[in-house]
Amino acid sequence: MTRRPVRIVVAAAVALALGMVAPGPRAGAQTPSFALLTPEEQMQYESVGSGAVRSIAIQSNAGPQIQIAAPQGFTLRSPVDFDIRVSPRDGVAVDMSTLRIDYRLGPAWVNVTNRIMRHAAIAGARLRARGAELPQGDHALRVSIRDAQQRVTQATVRFTVAN
């Protein structure tokens, strides 16, 4: 039997208690969608690519391993689901409380971690959020996380939404 590091379980419990994480939808329940961008950000939105592209680029990989299982595919329909899985590197515990998700908005990156967390479920070292409404076009998300030794991994996923 594998024991999960106490830090991950405690971080998830604290996040749930503070209302940062929704407990997740019940089996068979319809998942409501949520707007990932504010109305002001929607007006500033500029497509960040050339279309029909899904790529994952690792900018830093000293810390935990990041696997982005969703969004998946080359051209998606909105709403978009997120499934981010993190695994320890060299047996060092992942610190899920350091998970940060930024959205590329023009030349700047906007922190959308709390927006996603309000609609996410965390199970161990996995975050799942369903129903993020995004405008048609190309998008980029940057995911970063640290481990117990403060080693950081950062990855950027690019994808296209066609409505």
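Quick caveat, the model's predicted, so the values are computed rather than measured.

K.L.:
Give a description of the nonpolar core that names residues and reports values.
P.N.:
Grouped together as the largest cluster of nonpolar side chains are 32 residues, with contacts concentrated most on Phe82 and Phe159. Taken together, the elements giving at least two residues each to this core come down to strand 3 (65-70), strand 5 (80-87), strand 6 (94-105), helix 3 (113-117), strand 8 (120-123), strand 9 (126-133), strand 10 (137-147) and strand 11 (152-161). If one sorts the elements of this core by residue count, strand 6 sits on top with 6 residues.

K.L.:
Before we move on, can you summarise the pairing of strand 9 with the specific residues and values?
P.N.:
In the sheet, strand 5 pairs with strand 9 via 5 bridges, with the strands oriented antiparallel. Bridge assignment links Ile84 to a residue of strand 9, and that residue is Leu127. Summarising the sheet, strand 8 and strand 9 pair through 4 bridges and their orientation is antiparallel. Within strand 9, the residue paired with Ile122 across the bridge is Leu127. Where strand 8 folds back on strand 9, the antiparallel hairpin that results is connected by 2 residues, among which Gly124 adopts a positive phi of roughly 65 degrees.

K.L.:
Let's hear about the side chain of Thr113: which residues, and what values?
P.N.:
Inspection of the secondary structure puts Thr113 in helix 3. Since its relative accessible area comes to 8%, Thr113 is described here as buried. A polar atom in the side chain of Thr113 sits 2.7 Å from the backbone nitrogen of Ile101. A distance of 2.7 Å separates a polar atom in the side chain of Thr113 from a polar atom in the side chain of Asn111. For Thr113, the residues in contact, after removing those within four places along its chain, are Leu99, Arg100 and Ile101.

K.L.:
Tell me about the pattern of salt bridges, and please be specific about residues and values.
P.N.:
Taken as a whole, this structure holds 7 salt bridges when the rule is applied. Put simply, Asp83 and Arg85 hold a salt bridge, and the shortest N to O gap is 2.9 Å. For Arg85, a relative accessible area of 31% translates into the label partly exposed. Put simply, Asp83, Arg85, Arg126 and Arg128 are held in one network by salt bridges that share partners.

K.L.:
Go over the environment of Asp95 with me, naming the residues and quoting the values.
P.N.:
Positionally, Asp95 belongs in strand 6. Among the residues examined, Asp95 registers a relative accessible area of 8% and is labelled buried. Through-space distance from the C-alpha of Asp95 to that of Ala125 is 8.6 Å; in sequence the pair is 30 residues apart.

K.L.:
Can you tell me about unusual backbone geometry, naming the residues and giving the values?
P.N.:
Of note, the phi angle at Asp90 is positive, near 60 degrees, even though the residue is not glycine. With respect to the element layout, Asp90 can be found in the loop between strand 5 and strand 6. Residues other than glycine seldom take positive phi values, yet Gln150 does so here, at roughly 65 degrees.

K.L.:
Pulling in residues and values, what's your account of the environment of Met117?
P.N.:
Turning to its location among the elements, Met117 is positioned in helix 3. For Met117, a relative accessible area of 5% puts it in the buried group. Distance from Met117 to Arg100, taken between C-alpha atoms, is 10.0 Å for residues 17 residues apart in sequence.

Parameters at a glance
Starting afresh in each chain, residues are numbered from 1 along the sequence in its written order. Totals for whole chains, interfaces and linings use all residues, but because this is a predicted model, local features are given only for residues with pLDDT of at least 70 and pairs of side-chain atoms are given and counted only at 80 or more. Only hydrogens and water are set aside; all other atoms, that is, all heavy atoms of the structure, feed into the side-chain values. Note on terminology: a nonpolar core comprises buried Ala, Val, Leu, Ile, Met, Phe, Trp, Tyr and Cys residues joined through side-chain atoms within 4.5 Å. Each residue gets one of three labels from its accessible area relative to the maximum for its type: buried under 20%, exposed over 50%, partly exposed in between, using a 1.4 Å probe on protein chains only. Per the convention used, a helix needs a DSSP run of H or I reaching at least four residues, while a strand needs a run of E reaching at least two, with both numbered from the N terminus. Here, strands pair whenever DSSP counts at least two bridges between them. For this analysis, a polar contact is any N or O atom pair within 3.5 Å, provided that within protein one partner can donate a hydrogen and the other can accept it, and provided that sequence-adjacent residues contribute only side-chain to side-chain pairs. Residue contacts follow a heavy-atom distance rule, with two residues in contact if any of their heavy atoms lie within 4.5 Å. A carboxyl oxygen of Asp or Glu within 4 Å of a side-chain nitrogen of Lys or Arg is what we treat as a salt bridge.

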